[in-house]
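# Architecture at a glance
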Amino acid sequence: MSDSVSRPKCVVEQYTRRGSWVVVVRGDLDMDSVPSLREVMEKAAAALPVLVLDASGVTFADSSALNLLLLVHQASTLRIVAAPQMLRMLRLTGADQILDLYPSLEEACTVAAG
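Residues numbered from 1 in each chain as written. Predicted model: local features only at pLDDT ≥ 70, side-chain atom pairs only at ≥ 80, totals over all residues. Heavy atoms only, no water.

### Quick word on the pairing of strand E2 (residues 20-29)
Counting buried positions along E2 yields 8 of 10 residues, so the element is predominantly enclosed. Count of turn residues in the strand E1 (residues 11-17)/E2 antiparallel hairpin: 2 residues, of which Arg18 carries a positive phi of about 50°. Pairing between E2 and strand E3 (residues 50-61): 8 bridges, direction parallel. Note on E3: the bridge partner recorded for Asp28 is Phe60. For the segment spanning E2, helix H1 (residues 34-47) and E3, crossover handedness is right-handed. (Buried < 20%, exposed > 50% of the residue type's maximum accessible area, 1.4 Å probe, protein only. Helix = DSSP H or I, 4+ residues; strand = E, 2+ residues; numbered from the N terminus. Pairing = 2+ DSSP bridges. Right-handed = clockwise from strand over helix to strand, strands pointing away.)

If you want it as structure tokens, here you go:
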């Protein structure tokens, strides 16, 4: 029997905006997709002092994604725009008290520029 439910592949885009590096991620963040996202985020954090992660298109995030966010937060100034599914995980784990969360990309970039 084949798997009739296919999960969205993780798609990553990146660009600069208002002096910050923006990484846009859509799809699932799990142990298969997080390593490539980690590489992108580490390079972005080294390029500019502020990294904005637009995760508003994330459909699923597991503990490997949470671990990545916490590691990048410790190494850089990380601002996150999170999808409802990711917000739920961050609230359940208490990570919302540690990470800098924003309701929109515009607000995250405005704070980053200011």
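### So, the sheet that holds E1
Here we have 5 strands laid out as an open sheet, ordered E1-E2-E3-E4-E5, and mixed in their pairing. The open sheet terminates on both sides in strands that have one partner only, identified here as E1 and strand E5 (100-102). When strand polarity is set aside, the average angle formed by the axes of neighbouring strands in this sheet is 25°. Looking at chain direction, E1 and E2 are connected through 7 bridges and run antiparallel. Bridged to Glu13 within E2 is Val24. The sheet contacts of H1 involve E1, E2, E3 and strand E4 (77-82), and relative to E2 the element is tilted by about 170°. Against the sheet, helix H2 (residues 63-75) makes contact with E2, E3, E4 and E5, and its axis sits at roughly 145° relative to E4, the strand it touches most. (Axes fitted to C-alpha atoms, helices over the stretch in contact; angles between N-to-C directions. Contact = heavy atoms within 4.5 Å.)

### Considering the packing of H1 against H2
In helix packing, the relevant descriptors are the interaxial angle and the interaxial distance, both defined with respect to the helix axes. Contact geometry of H1 with H2 gives a least axis separation of 10 Å together with a crossing angle of 15°. In terms of orientation, H1 lies roughly parallel with respect to H2. In the packing of H1 onto H2, the handedness of the crossing is right-handed. Across from Val34, Leu37, Arg38 and Met41 in H1, the residues of H2 making contact are Ser64, Ala65, Leu68, Leu69, Leu71 and Val72. (Parallel < 35°, antiparallel > 145°, perpendicular 65-115°, else oblique. Left-handed = near helix turned anticlockwise from the far one by under 90°.)

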